[in-house]
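Chain by chain, the residues:
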Amino acid sequence: MESKRGNDDEYEGNDDEYEENDDDILETESDIAIFDEFRSLIDLAEGRFDKFMLTYHYRSKYKELIDFSNYKYYQGKLNIVSDTLDKKLPIEVINVDGIRINKINEIEANAVVDLTSKIINNENYEGKSIGIITFNSDQQSTIETKIQEFASSNPKMAEHVNNEDPKKRLFIKNIENVQGDERDIIIFSIGFAKDEFGGFRNNFGPLNNEGGEKRLNVAVSRAKEKMFVVKSINSGEIRANKKGAQDFKDFLKYCELLQEKNNQESIRMLLSNEANNLVEEVNFDQQFDSPFEEEVYDELIAILPRRYIVRTQVEASKFKIDLVIFDTV
């Protein structure tokens, strides 16, 4: 292990003159023994260092992609700048009649492959990176095999699967190993479904374990522009008695409610225990805080081409932006 010197400009003299400080060197065996007690560096640091909460979120282009995590896990304290003009659904639910046998929902896996193919052939998503997340390793392996088979005869799919840039390469992971990843488009294969006899087991694997809600939080916050949720059950079918499973049920409910714009009040109620005013309607009536703002607005309207729209007092998390110019093309 290297000793601590600072930068080279601060150190004068040759290596023979430099004496290592024993306090700067950790005992290797004791280090390993201490670290072995913890699952990660975060666990090791907890209780030893002060905690500071990040207040700005930069990954997601639309607030709907991060609102659930924001109000479930961050007390609504994340500040988010969202594209409020774009009317596309940031989260889109796709329901299939999947059946789960031996932890695998093959009908759903086929639907995920079909959806992935449609995305890479859709000119609106050209150049966008894709990630697929599952809730167990068996579903992950099933989808991975099907994607590889499809890519063997489809150049566009192969281009995504074999992209030289690791940040743009299509990934297929489960919620236990997706931390640190992000993609423009995320596809969830929920996987949970009734079995071939019509029975549904309320067993949610890692979500039922201690810290399951943390894994869920990581998984549902990976999308930068779009999230597809492919599922075979409705939130109302879930009976949860663990924190992670209950949050998963709420997440599905949140996604279902987002499919209709008139469900804003229901969404607020869903997360009312975490915070109030989860989703606020954007008011596009022109409002001004000062005569100066109004003068700037009039000047912009006069000189900008018609493709641009100027909005005033646009909400961005807890703040309002005085003037925002949107490109409609």
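Residues numbered from 1 in each chain as written. Predicted model: local features only at pLDDT ≥ 70, side-chain atom pairs only at ≥ 80, totals over all residues. Heavy atoms only, no water.

## Quick look at the sheet that holds strand β3 (residues 91-95)
1) Next: Strand order in the open sheet made by the 5 strands is β3-β7-β6-β4-β5, with parallel pairing throughout. Both edges of this open sheet fall to β3 and β5 (171-174), since each of them pairs with a single strand only. Each strand axis lies, on average, 20 degrees off the axis of its neighbour in the sheet, ignoring direction.
2) Next: The pairing of strand β6 (residues 183-189) with strand β7 (residues 223-231) spans 6 bridges and is classified as parallel. Bridge pairing links Arg-183 to Ala-223 in β7. (Pairing = 2+ DSSP bridges. Helix = DSSP H or I, 4+ residues; strand = E, 2+ residues; numbered from the N terminus. Axes fitted to C-alpha atoms, helices over the stretch in contact; angles between N-to-C directions.)

## Some remarks on helix α5 (residues 137-151)
1) Next: In a regular helix each residue adds 1.5 Å, so 15 residues correspond to 21 Å; α5 covers 21 Å between its end C-alpha atoms and thus fits that length.
2) Next: Contacts from the buried residues of α5 go to α4 (106-120), β4 (130-134), α6 (155-161), β5 and β6.
3) Next: Where α5 begins, the side chain of Asn-136 points an oxygen toward the backbone nitrogen of Asp-138, at a separation of 2.9 Å. (Expected span 1.5 Å × (residues − 1). Contact = heavy atoms within 4.5 Å. Polar contact = N/O pair within 3.5 Å; in protein donor to acceptor, adjacent residues only side chain to side chain.)

## Let's talk about the pattern of salt bridges
1) Next: Per the stated rule, a full pass over the model turns up 12 salt bridges.
2) Next: When the shortest N-O distance is used, the salt bridge between Lys-72 and Asp-247 registers 3.4 Å. Remark: Asp-247 occurs in helix α8 (residues 243-258) and Lys-72 occurs in helix α3 (residues 64-73); sequence separation between them is 175 residues.
3) Next: Residue Lys-72 is classed as buried on the basis of its relative accessible area of 11%. (Salt bridge = Lys/Arg side-chain N within 4 Å of Asp/Glu carboxyl O. Buried < 20%, exposed > 50% of the residue type's maximum accessible area, 1.4 Å probe, protein only.)

## Looking at the packing of aromatic side chains
Aromatic ring pairs: the centre-centre distance and the angle between the two ring planes describe each pair.
1) Next: Here the structure, examined in full by the defined rule, presents 12 aromatic pairs.
2) Next: Residues Phe-135 and Phe-188 carry aromatic rings whose centres are separated by 6.0 Å and whose planes lie at 35 degrees to one another, so their mutual orientation is tilted. Of the two residues, Phe-135 is situated in the loop between β4 and α5 and Phe-188 in strand β6; the sequence distance between them amounts to 53 residues.
3) Next: Note on Phe-188: relative accessible area 0%, which makes it buried.
4) Next: Ring-pair connections join several aromatic residues into one group, and the members of that group are Phe-68, Tyr-73, Phe-135, Phe-188, Phe-192, Phe-200, Phe-204, Phe-248, Phe-251 and Tyr-254. (Phe/Tyr/Trp six-rings, centres within 6.5 Å; stacked < 30°, edge-to-face > 60°.)

## Side note on the nonpolar core
1) Next: Among the nonpolar cores identified, the biggest contains 37 residues, and Phe-135, Phe-188, Phe-192, Val-229 and Phe-248 are the most heavily contacted of them.
2) Next: At the level of secondary structure, the elements contributing two or more residues to this core comprise α3, β3, β6, α7 (212-219), β7, α8 and α9 (264-270).
3) Next: Of the residues forming this core, the biggest block, 8 residues, is contributed by α8.
4) Next: One finds Ile-130, Ile-132, Ala-151 and Ile-172 within the second-largest nonpolar core, a separate group that totals 21 residues. (Core = buried A, V, L, I, M, F, W, Y, C linked by side-chain atoms within 4.5 Å.)

## Concerning the confidence of the model for the protein chain
Do not read the fine detail of predicted coordinates wherever pLDDT is low.
1) Next: In this model, the protein chain carries a mean pLDDT of 80, and residues with pLDDT of at least 70 account for 74%.
2) Next: At the level of individual helices and strands, the protein chain shows its lowest average pLDDT in helix α1 (residues 28-35), which scores 52, and its highest in α4, which scores 98.
3) Next: For the stretch residues 1-27, pLDDT sits under 50, and the model shows 14 contacts to residues farther than four places along the chain or on other chains.
4) Next: Here residues 274-285 is a poorly scored stretch, pLDDT under 50, and it has 30 contacts once near neighbours within four places are set aside; other chains count. (pLDDT = per-residue confidence, 0-100.)

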